[in-house]
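# Examining the three-dimensional arrangement
The primary structure of each chain is shown beneath.
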Amino acid sequence: MKRSRLGVMLVLAMALLVSACAGNSGNQGDEKPTNGGDNQEVIKLKFWGAVPEENGPKQAVDNWNAANPDIQVEYVRFVNDEAGNTKLETALLANGEIDLFINYRMDKLVKRVQAGMAEPLDDYIAADGFDLNDQFGENSIVKMEDKSYYIPAIILNDFVSINKSMLDAAGLPIPSEWTWDDYVSYASKLTQGEGNDKVWGSYVNGAQPKIFEYMEKAVKTELGPNALYNAEGGSNFDHEAFKKYLDVMYQMEREDKSQPPYAEAKMSKMEGSRMFLNSQVAMNWVGTASLRDIKNLESFPHDFVTAFAPPPKMTEASTYLGGGTGYLDYVTINSKSKSKDAAWKFMKWYVTEGNEPLIAGGRVPAWKHADQDKVAELILGDNAEALFDIDSFKAVVFGVSDYVVDTKFDKYPEIQVIVDEEGERALIGDQTTADSAANMKQRADALLEQ
């Protein structure tokens, strides 16, 4: 009897063992979880981005994880500099290190697509009937080899911040559309005082003096996408817009003395946002990320209202009003991800409703169905009416319907160096603006011919 019971127990044990092995064999390595309560397989995704997690990404991921126990996402931060981007690309080459990642420059994204690091999204988009034009706009995605590799999460808005108290004292209205000639006139009228008490009318710079970055943004209002290149494959620096920008900077810095001289600003590492909030500068060309500083009264106490104007156009006839703005935070799926279906599901959520926790840090959603009033409320904060001219803010953030999207980046980093070197020589008076533009053309063309 004992032997009989023992035999039955052995048969049952063997049956259970075979059943367990069979059950496990169907779940080896991919992304579709079983629907079985405690035995459900959890897909784990790694999502790389450059925004500090405390500025919204952690909350976004926590929101997703709470609602999706079967797909859990881990946010990994990398620093958006050359070393950080190299670290990202190294990890992309390793199987299983990254499932999704965000690109912060189109030239970096193009390089990664060409290297096979990004997964085409067209099949996912078609399968879900995900209407990109309706969700993000007709020009939101630049196709590469007739394929879609990314979706933009945000719109990067550039604008001119203006001290409204100084504007009112000078009897000047908030510009809704203006040219660089108008800007020069405003800068001159807003400049006052001398020496340590001087208030500069303008400072077209961010954390440090930059020539290429702001020149490229300025000429795009006139030339549109791929402003650096002509149709023949050479550079575009013989277009009058490039010399015009240098002329404007030179006039404000060396003739009107309404903007800090380039050499002085570079040597003393002047920071535009800090000077603006210290009432040392009346106008400063910045972006939505700078709004964090304006709201931070503890670090930057001030008692004036900040008004906003769009980036100046090169001429009255300039048609690209969004020269200083555009789509950004290009979200992509790693071509080597082992969980692409799950990655797409998270990605689609993140670029629509999911990145709401990042809005307060100045990241305006690219999603067209985001509530604009709510976006403005989140960005401007609880003290909005005391700190901001809300109507002018909404005009510059939501007033551009068509953004400039570049598709060409031949020798882009090298051309940037050329522009900074030749532009600096013009602004310090070492050569004329005409010579600087001509040298940019000659050097860039020689580079592009290689």
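Residues numbered from 1 in each chain as written. Predicted model: local features only at pLDDT ≥ 70, side-chain atom pairs only at ≥ 80, totals over all residues. Heavy atoms only, no water.

### Observations concerning the overall build of the chain
Along its length, the chain carries 19 helices and ten strands. Counting all 450 residues of the chain, 51% fall into the buried class. Contacts spanning at least 24 positions in sequence make up 76% of the contacts within the chain whose residues lie at least 6 apart. Per element, the accessible surface of the chain, about 21,600 Å² overall, is 48% carbon and sulfur. (Helix = DSSP H or I, 4+ residues; strand = E, 2+ residues; numbered from the N terminus. Buried < 20%, exposed > 50% of the residue type's maximum accessible area, 1.4 Å probe, protein only. Contact = heavy atoms within 4.5 Å. Areas by Shrake-Rupley, 256 points an atom, 1.4 Å probe, with all protein chains shown as cover.)

### Some details on the packing of aromatic side chains
Throughout the structure, instances matching the rule amount to 26 aromatic pairs. Ring geometry for tryptophan 180 and tryptophan 285: centres 5.8 Å apart, planes at 50°, overall tilted. Highlighted residues: tryptophan 180 in helix α8 (residues 180–190) and tryptophan 285 in strand β7 (residues 281–287), separated in sequence by 105 residues. The exposure class of tryptophan 180 is buried, given its relative accessible area of 1%. An aromatic cluster of at least three residues, connected via ring pairs, comprises Trp178, Trp180, Tyr183, Tyr186, Tyr214, Tyr245 and Trp285. Positioned over the ring face of tyrosine 214 is lysine 217, at 4.9 Å from the centre of the ring. (Phe/Tyr/Trp six-rings, centres within 6.5 Å; stacked < 30°, edge-to-face > 60°. Lys NZ or Arg CZ within 6 Å of the ring centre and 35° of its normal.)

### Comments concerning the pairing of strand β4 (residues 151–156)
Of all six residues that make up β4, five are buried, and the element is covered over most of its length. Sheet analysis places β4 next to strand β10 (residues 364–365), joined by two bridges and oriented antiparallel. In the sheet register, isoleucine 154 faces β10, and the bridge partner there is proline 365. (Pairing = 2+ DSSP bridges.)

### Some details on the nonpolar core
With 109 residues, the main nonpolar core has Ile151, Trp180, Met283 and Tyr350 as its most contacted residues. For this core, the leading source of residues is helix α14 (residues 340–354), giving eight residues. Ignoring anything within four residues of it in the chain, the contact list for isoleucine 151 reads Leu121, Phe130, Leu132, Phe136, Ile141, Asp329, Tyr330, Val331, Trp344, Met347 and Val351. (Core = buried A, V, L, I, M, F, W, Y, C linked by side-chain atoms within 4.5 Å.)

### A word on unusual backbone geometry
For lysine 257, which is not glycine, the phi torsion reads 55° and is therefore positive. Tracing the sequence through the fold places lysine 257 in the loop between α10 (240–255) and α11 (262–267). Judged by its relative accessible area of 46%, lysine 257 is partly exposed. In this structure, lysine 269 takes a positive phi of about 55° despite not being glycine.

### Description of helix α2 (residues 57–67)
Here α2 has its buried residues at Pro57, Ala60, Val61, Trp64 and Asn65. For α2, the angular spread of the buried residues around the axis is 130°, confining them to a single face. Residues of α2 that are exposed and point more than 90 degrees away from the buried face comprise Ala66 and Ala67. Buried residues belonging to α2 abut β1 (43–49), β2 (71–77) and α14. (Arc of directions from axis to C-beta.)

### Some details on helix α9 (residues 212–223)
With twelve residues, α9 ought to run about 16 Å at 1.5 Å a step, and its terminal C-alpha atoms sit 15 Å apart, in line with that. Along α9, ten of the twelve residues are buried, which leaves the element largely enclosed by surrounding structure. Among the residues of α9, those classed as buried are Phe212, Tyr214, Met215, Glu216, Lys217, Ala218, Val219, Lys220, Thr221 and Leu223. On its buried side, α9 packs onto β5 (158–163), α8, α10, β7, α18 (412–427) and α19 (433–449). Positive backbone phi, approximately 75°, marks glycine 224, located one or two places after α9. (Expected span 1.5 Å × (residues − 1).)

### Section: the side chain of aspartate 329
Assignment of secondary structure puts aspartate 329 in strand β9 (residues 326–333). By relative accessible area, which is 1% here, aspartate 329 ends up buried. For aspartate 329, the side chain forms a polar contact with the side chain of arginine 363, separated by 2.8 Å. Excluding residues within four positions of it along the chain, aspartate 329 makes contact with Ile102, Asn103, Tyr104, Ile151, Pro152, Ala153, Ile154 and Arg363. (Polar contact = N/O pair within 3.5 Å; in protein donor to acceptor, adjacent residues only side chain to side chain.)

### Regarding the sheet that holds β5
In spatial order, the strands read β6-β7-β5-β8; together these four strands make up an open sheet with mixed pairing. Bordering the open sheet on either side are β6 (200–203) and β8 (306–309), each of which pairs with just one other strand. On average, each strand axis in the sheet is tilted by 25° relative to the strand beside it, whichever way the strands run. (Axes fitted to C-alpha atoms, helices over the stretch in contact; angles between N-to-C directions.)

### A look at the environment of alanine 187
As for its position among the elements, alanine 187 is in helix α8. The sequence separation of alanine 187 and aspartate 256 amounts to 69 residues, and the corresponding C-alpha distance is 8.8 Å. Once residues within four sequence positions are removed from consideration, alanine 187 is found in contact with Gly201, Ser202, Met252, Ser258 and Met283.

### Comments concerning the packing of α9 against α10
Each pair of packed helices can be summarised by the angle the axes make with each other and by the distance between the axes. Between α9 and α10, the least distance of the axes is 9 Å, while the angle of their chain directions is 130°. As judged from the angle between their axes, α9 and α10 are oblique. Between α9 and α10 lies a crossing of right-handed hand. Contacts between α9 and α10 pair Tyr214, Met215, Ala218, Val219 and Leu223 from the former with Ala241, Phe242, Tyr245 and Leu246 from the latter. Considering only residue class, the contact of α9 with α10 consists of nine nonpolar, no polar and no charged. (Parallel < 35°, antiparallel > 145°, perpendicular 65-115°, else oblique. Left-handed = near helix turned anticlockwise from the far one by under 90°. Nonpolar A, V, L, I, M, F, W, Y, C, P; charged D, E, K, R; others polar.)

Shape is all these values report; function is a separate question.
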